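So you can see what is in the structure, the chains are spelled out below.
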Amino acid sequence: MASIVFNTPCDFAAINSLDCKRFYGLRPVGPLPTVVDVKLSGILGIQAMAARGRQSRRIFAVRASDSRDAVTKKIGLSDAECEAAVVAGNVPEAPPVPPKPAAPAGTPEVPSLPLSRRPRRNRKSPAMRASFQETNLSPANFVYPLFIHEGQEDTPIGAMPGCYRLGWRHGLVEEVAKARDVGVNSVVLFPKVPDALKSPTGDEAYNDNGLVPRAIQLLKDKYPDLVIYTDVALDPYSSDGHDGIVREDGVIMNDETVHQLCKQAVSQARAGADVVSPSDMMDGRVGAIRAALDAAGFQHVSIMSYTAKYASAFYGPFREALDSNPRFGDKKTYQMNPANYREALVEAHEDESEGADIILVKPGLPYLDIIRLLRDKSPLPIAAYQANTP
C-alpha cells in the first residue's frame, strides 16, 4: 500500500496527546518508548525522542488503510497549522522514489540517442495507452440484430447455430434484457413474415399493426431508453423475395419501390423507431424517406443508409432466417459489384446530400478498404454490418 511518511524533528505548534491507538492507519515505526500507547506533548516530546541517539528520524508513517473500505482518520491539524509547518521548513517526507530498475548483466553501456520525440513514451503503461487510444470499441457501439416472428416460442435458425427467431411477446423482450445487462442498448429488428401476408408489392411492410410496429411498441413500453433501428426494404414482405417491386420482365422497379419504402419508414417511425435503415439500395430512397418522415412530423427520426451494400454470398444465412430468398435471379442490379471501389464514393455522396445521418457498409470485414475510404471522405458516422457464414 502507498504511504506518506512524516519526518522529524518537527517544529509544529504543540501536538497535545497524540494517541496512535485513536487513529486507524497511524503507526509507529522505528525504536519508540512504547509501542502500545505512545503519547507526545508538544515540541519537547518530539525533541526528547529525537535526542535519544537519533535512532530513527522517521517517527510516524501515515499509511493507506489495509482495507479499501476502511476510512483513515486524520491527525487533527488545521490547514493553517499544516501550511505553517511547511513554511517553517518542516516538510513531511514523501515515500522515496523507487530506484531505477537494473538492466540484465551484459547490457552494453551506451549514450542516449539524441531523440526529441520518442513515441514509446505514450505507450509505456496501460494507463498511458488507454489515455491516448485513438479507437475505442465498447458495448455502446454495437447494434444487436434480432430476428422475430409471430410465434410464442423461440425457434432455432439452421444456418445460424446459436441464433433464433424470437417470439416477439416473450423471447424478444428477454433477449433485449440480456443485451442491456452487458451494455448493449441498441437493437435492429428483422421480421419473418407469414407467407400468406406476402405480396408482389409488399404492402404488409407498412401495416401499422404488423409484426415490426407491434414489437417496437412492446419494447418501447418496456425499455423507453432502448434505441431501436428498423430495416426498410420489401424483401421480407415480397412474394418474389426481392427488395423491390418486380416487373413481369424481371426488372426491379425503382421509383415505385421507393414510394412503398417511404410508407414503410413512416409506419415504423409512428410505432416509435429511433433510426430507420433503408437496406434496399434503390436510387433516391434516402431523400424520399427523409421528406416523408419530415412531412409526417418525424424530423427527429434518424436515417442509417446502407450506402455500400455489396452483392454477397454471405447473406445466405440471413435470408434463411427471414425466409426471404429471391424466388428467381439475384440482386446484382441493385446491390453493388464487389469489384467496384470508387463507386462507394458515388453512393456515399448521394446519401449524404439526401440527408442520411449514418452511412453503412455491408458486409463489414471483407470490405475494410471501403470503410477506410468512406471514413476518409465523409464526415458522417460510419457503420459496418458484419455478416458471415457459419
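Please read these numbers as outputs of a predicted model, since none were measured by experiment.

### Some points on helix α4 (residues 171-181)
Part 1 of the argument: Taken residue by residue, α4 has Gly171, Leu172, Val173, Glu175, Val176 and Ala179 as its buried positions.
Part 2 of the argument: Tucked inside the fold, the buried residues of α4 contact β4 (144-149), β6 (164-167), β7 (186-191) and α5 (211-222).
Part 3 of the argument: Positive phi appears at Gly183, one or two residues downstream of α4, with a value of about 95°.

### Topic: the pattern of salt bridges
Part 1 of the argument: With the rule as written, the count across this model stands at 14 salt bridges.
Part 2 of the argument: Measuring nitrogen to oxygen at the nearest pair gives 2.8 Å for the salt bridge that ties Arg247 to Asp249.
Part 3 of the argument: Given a relative accessible area of 39%, Arg247 falls into the partly exposed group.
Part 4 of the argument: Judged by relative accessible area, Asp249 falls into the partly exposed class, the value being 49%.

### Quick look at the side chain of Ser277
Part 1 of the argument: With respect to the element layout, Ser277 can be found in strand β11 (residues 275-278).
Part 2 of the argument: With near-sequence residues (within four places) excluded, Ser277 lies in contact with Tyr229, Thr230, Asp231, Val232, Met304 and Tyr306.

### Considering unusual backbone geometry
Part 1 of the argument: The amide bond that connects Lys362 to the next residue, Pro363, takes the cis arrangement and shows omega of -5°.
Part 2 of the argument: Mapping Pro363 onto the fold places it in the loop between β13 (358-362) and α10 (368-377).
Part 3 of the argument: You will see that Met281, though not glycine, has its phi angle at about 70°, which is positive.
Part 4 of the argument: Note that Met281 resides in the loop between β11 and α7 (285-295).

### Description of the pairing of strand β8 (residues 227-232)
Part 1 of the argument: Across the 6 residues that make up β8, a large majority, 5, are buried.
Part 2 of the argument: Pairing geometry for β7 and β8, over 4 bridges, is parallel. What sits directly across from Ser186, in β8, is Val227.
Part 3 of the argument: Where β8 and β11 come together, 4 bridges link them in parallel fashion. Residue pairing across strands places Asp231 opposite Ser277, the latter belonging to β11.

### Some details on the packing of aromatic side chains
Part 1 of the argument: In the structure shown here, the tally under the stated rule is 6 aromatic pairs.
Part 2 of the argument: Each ring, one from Tyr310 and one from Tyr367, has its centre 4.2 Å from the other, and the planes form 10°; the classification is stacked. You can see Tyr310 sitting in the loop between β12 (302-309) and α8 (316-322) and its partner Tyr367 sitting in the loop between β13 and α10, a full 57 residues away along the chain.
Part 3 of the argument: The class of Tyr367 is buried, set by a relative accessible area of 11%.
Part 4 of the argument: Taken together, a centroid distance of 6.5 Å and an interplanar angle of 85° make the contact between Phe318 and Tyr385 edge-to-face. Highlighted residues: Phe318 in helix α8 and Tyr385 in the segment after β14 (382-384), separated in sequence by 67 residues. The pair formed by Phe318 and Tyr385 is uniform in burial state, with each residue classed as buried.

### Here we look at the pairing of β11
When a strand is regular, its side chains alternate between the sheet's two faces.
Part 1 of the argument: Of the two faces of β11, the one lined by Val275 and Ser277 and the one lined by Val276 and Pro278 are each fully buried.
Part 2 of the argument: Bridge count for β11 against β12 is 2 bridges, and the pairing is parallel. In the strand pairing of β12, Val275 is matched with Ser302.
Part 3 of the argument: Once you follow β11 into α7 and on to β12, the crossover reads as right-handed.

Parameters and conventions
Residues numbered from 1 in each chain as written. Predicted model: local features only at pLDDT ≥ 70, side-chain atom pairs only at ≥ 80, totals over all residues. Heavy atoms only, no water. Buried < 20%, exposed > 50% of the residue type's maximum accessible area, 1.4 Å probe, protein only. Helix = DSSP H or I, 4+ residues; strand = E, 2+ residues; numbered from the N terminus. Contact = heavy atoms within 4.5 Å. Salt bridge = Lys/Arg side-chain N within 4 Å of Asp/Glu carboxyl O. Pairing = 2+ DSSP bridges. Phe/Tyr/Trp six-rings, centres within 6.5 Å; stacked < 30°, edge-to-face > 60°. Right-handed = clockwise from strand over helix to strand, strands pointing away.

These results come straight from atomic positions and should not be treated as a statement about function.
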